[in-house]
Amino acid sequence: MILVLFGPPGAGKGTQGARIADAVGIPNVSTGAIFRGLAAAGTEVGTQALGYMKRGELVPDQIVVDLVKERIAQPDCEKGFLLDGFPRTIAQAEILDTMLADLGLGIDAVLNFDVAEDLLIERLSGRRTCITCGATYHVVAVPPKVDGTCDACGADLVQRPDDMPESIRTRLREYAAKTEPVLGYYGAKGSLKNIEAIGSPEDVFASVTAVVQSLD
Ligand code: AMP
């Protein structure tokens, strides 16, 4: 199964992506998480991407596409995968289609997480992320058991540089200008499934599960 998680920053793609991947038994390919890992490891691509990410801008298409191509060619993606945060431009969507067609594959569904902008800002500004395992929390909605400490691995929780107010504004602008038009692209292909991504993570997961089960 090949699934695409689509939606603005703060829509809950990361949280749901991990759960869906687990439930379906496919790897969760998050381009943002891969870039953060490469940046933390000090690689050239990671360092290159970090500047764009900190400002809340999109990383250039070619860099992202090369990375995805390499990732989905790995053996664990043979039985399918979930893409979280890719594609984010029409050019990326077109290249992905060609890439998959060359492999005799296609997207089963694009799950579009729909959330109002004021709620996105509230979610992003209150988000805290584990520096080691990447688990996410929210200062009000999903607080850790011990303030500033990850429940899962005990490492420190930090605010991502791109979750600062100026970067949040840029990310939402980038989404509206470059990413939202991709909805039209998938809408025309008939693969788009809308998910009302409000309520608790459990509520959203129940909606996602219903959609994924309907694909079988
Ligand atoms: P995310 O973790 O999905 O919110 O992504 C964090 C940041 O990584 C984004 O704000 C972009 O700077 C970069 N990024 C992740 N995926 C892509 C993509 N498909 N195209 C361009 N930039 C991306």
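Residues numbered from 1 in each chain as written. Predicted model: local features only at pLDDT ≥ 70, side-chain atom pairs only at ≥ 80, totals over all residues. Heavy atoms only, no water.

A. A look at the sheet that holds strand S3 (residues 81-84). One open sheet holds the 5 strands; their spatial order is S2-S3-S1-S4-S8, and the pairing between them is parallel. Only two strands of the sheet have a single neighbouring strand rather than two, namely strand S2 (28-30) and strand S8 (192-196). Taking each pair of neighbouring strands and ignoring which way they run, the sheet shows an average axis angle of 25°. Of the pairings in the sheet, the one linking strand S1 (residues 2-6) to strand S4 (residues 109-114) comprises 4 bridges and is parallel in character. (Pairing = 2+ DSSP bridges. Helix = DSSP H or I, 4+ residues; strand = E, 2+ residues; numbered from the N terminus. Axes fitted to C-alpha atoms, helices over the stretch in contact; angles between N-to-C directions.)

B. Geometry of the site of the ligand. With respect to spatial proximity, 15 residues lie near the ligand, and among them Thr-31, Glu-57, Gly-85, Arg-88 and Gln-92 are the closest. The contact in question runs from a nitrogen atom of the ligand to an N or O atom on the backbone of Val-59, over 3.0 Å. Alone, the ligand offers 480 Å² of accessible surface; in the complex the protein occludes 96% of this. The biggest single contributor to the shell around the ligand is helix H2 (residues 31-40), with 3 residues. (Near = heavy atom within 4 Å. Polar contact = N/O pair within 3.5 Å; in protein donor to acceptor, adjacent residues only side chain to side chain. Areas by Shrake-Rupley, 256 points an atom, 1.4 Å probe, with all protein chains shown as cover.)

C. Local environment of the pairing of S1. Among the 5 residues that make up S1, 5 are buried, leaving the element largely enclosed by the rest of the structure. Strand direction decides the pairing type here: S1 and S3, joined by 4 bridges, are parallel. Within S3, the residue paired with Val-4 across the bridge is Leu-83. (Buried < 20%, exposed > 50% of the residue type's maximum accessible area, 1.4 Å probe, protein only.)

D. The packing of helix H7 (residues 165-179) against helix H8 (residues 181-189), seen in detail. Two numbers describe how H7 lies on H8: the axes approach to 5 Å, and their chain directions differ by 40°. With respect to each other, H7 and H8 are oriented oblique. Across the interface between the two elements, Tyr-175, Ala-176, Ala-177, Lys-178 and Thr-179 from H7 touch Pro-181, Val-182 and Leu-183 from H8. Class assignment for the residues of the contact of H7 with H8 results in 6 nonpolar, 1 polar and 1 charged. (Parallel < 35°, antiparallel > 145°, perpendicular 65-115°, else oblique. Contact = heavy atoms within 4.5 Å. Nonpolar A, V, L, I, M, F, W, Y, C, P; charged D, E, K, R; others polar.)

E. Main features of the pattern of salt bridges. Inspection of every chain in the model, using the stated rule, returns 10 salt bridges. The partner of Asp-97 in a salt bridge is Lys-189, with the nearest N and O atoms 3.4 Å apart. In this pair, Asp-97 is assigned in helix H5 (residues 90-102) and Lys-189 in helix H8, connecting sequence segments 92 residues apart. For Glu-174, the salt bridge goes to Lys-178, with nearest N and O atoms at 3.0 Å. Separated by 4 residues within a single helix, Glu-174 and Lys-178 lie in helix H7, roughly one turn from each other. In this structure, a network of salt bridges that share partners links the residues Arg-127, Arg-160, Asp-162, Asp-163 and Arg-171. (Salt bridge = Lys/Arg side-chain N within 4 Å of Asp/Glu carboxyl O.)

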